Amino acid sequence: KREIDQHRKGNPGLIQMKTNALTDFDIIAALYQASMAGVKVDLLVRDSCLLRPGIPGLSDNIRVLSLVGRFLEHSSIYYFRNNGQAQYYIGSADIMKRNLERRVEVIAPVEAPSLQAQLREILDLQLADRRGAWDMQPDGSYVQRQPAAGAEQRSAQELLIEKSEKRLAEARRLYKKQYSKKIAKRKNK
């Protein structure tokens with residue numbers, strides 16, 4: 001509702017969600033309302049999704065992508081533009097009635113700028129994926145994206161694996177550097 005209100009005041013609204021499933025009718029209705037008000041909605045839904053994007057007058061501001069790859073991702077990320085005061089949340093629940101009404105699930109705000117930047121990177125990489133992403137059509141079918149000639153040929157998952165390997169190598173390098181200093185100190189005693 002806040003994104004709708006901000007959008008009506010001339011501040012472009014944006015909602016982005018990454019989840020495994022989207023089947024809760026109340027949340028779907030709220031996303032349709034946001035779309036009808038002009039708010040852009042990007043949904044990364046790996047599995048079940050009952051919302052239909054691209055229906056004129058109802059969901060023409062919504063796009064739904066399903067990422068298929070090496071990993072069965074179950075992470076949940078929620079982003080709201082909030083008039084330039086970005087809000088990020090992470091959670092354990094899929095957006096399903098049983099999860100939201102009959103289970104104990106957790107959604108927590110992410111406030112540290114460095115962690116928000118990591119979540120932004122994940123969302124941006126996955127929304128731009130041209131290898132492992134499938135776009136949902138208004139009828140519920142999916143069309144696989146194809147990379148353009150000369151464009152990135154790897155999927156978002158492959159790119160994230162590469163980034164993780166680089167972070168691990170750097171962490172090992174720093175650990176060895178620190179550990180070797182401690183050994184040198186002991187030998188000098």
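The rules behind the values
- Residues numbered from 1 in each chain as written.
- Predicted model: local features only at pLDDT ≥ 70, side-chain atom pairs only at ≥ 80, totals over all residues.
- Heavy atoms only, no water.
- Helix = DSSP H or I, 4+ residues; strand = E, 2+ residues; numbered from the N terminus.
- Rg over C-alpha atoms; globule rule 2.2 N^0.38 Å.
- Buried < 20%, exposed > 50% of the residue type's maximum accessible area, 1.4 Å probe, protein only.
- Contact = heavy atoms within 4.5 Å.
- Areas by Shrake-Rupley, 256 points an atom, 1.4 Å probe, with all protein chains shown as cover.
- Lys, Arg positive; Asp, Glu negative; His and termini not counted.
- Charge placed at Lys NZ, Arg CZ, Asp CG, Glu CD.
- Salt bridge = Lys/Arg side-chain N within 4 Å of Asp/Glu carboxyl O.
- Core = buried A, V, L, I, M, F, W, Y, C linked by side-chain atoms within 4.5 Å.

*Asks:* How would you sum up the overall build of the chain? Please name residues and give values.
*Replies:* From N to C terminus, the chain includes 5 helices and 8 strands. Listed N to C, the secondary structure of the chain is α-β-α-β-β-β-β-α-β-α-β-β-α in terms of helices and strands. On C-alpha atoms alone, the chain measures out to a radius of gyration of 20 Å, which is more than a quarter above the 16 Å that the 2.2 N^0.38 rule sets for 189 residues. The principal-axis extent of the C-alpha atoms belonging to the chain is close to 75 × 40 × 35 Å. Residue burial in the chain is summarised as follows: out of 189 residues, 37% are buried. The contacts of the chain with a sequence gap of at least 6 include a subset with a gap of at least 24, amounting to 59%. When the accessible surface of the chain is split by element, carbon and sulfur atoms take 54% of a total near 11500 Å². Each charge class in the chain can be summarised by its mean position, and for the 33 positive and 22 negative side chains these summaries are 11 Å apart.

*Asks:* Go over the environment of Ile122, please, and point to the residues and values.
*Replies:* Relative to the assigned elements, Ile122 resides in helix H4 (residues 113–127). Separated by 45 residues in sequence, Ile122 and Ile77 have C-alpha atoms that sit 9.3 Å apart.

*Asks:* Lay out the pattern of salt bridges with the relevant residues and their values.
*Replies:* Using the criterion set out here, one finds 7 salt bridges in the structure. Put simply, Arg120 and Asp124 hold a salt bridge, and the shortest N to O gap is 3.1 Å. Placement of both Arg120 and Asp124 in helix H4 is noted, with a separation of 4 residues, approximately one turn of the helix. According to the relative accessible area criterion, Asp124 is partly exposed, its value standing at 40%.

*Asks:* Can you explain the nonpolar core? Please cite residues and give values.
*Replies:* Judged by nonpolar contacts, the single largest core of 21 residues is most densely connected at Leu22, Leu31, Leu43 and Leu51. Ranked by residue count, the leading element in this core is helix H2 (residues 25–36), at 4 residues. The residues contacting Leu31, other than those within four sequence positions of it, are Ile15, Met17, Leu22, Val41, Leu43, Leu51 and Ile62. Formed by 12 residues, the second largest nonpolar core is a distinct cluster that contains Leu14, Tyr79, Leu119 and Leu123.

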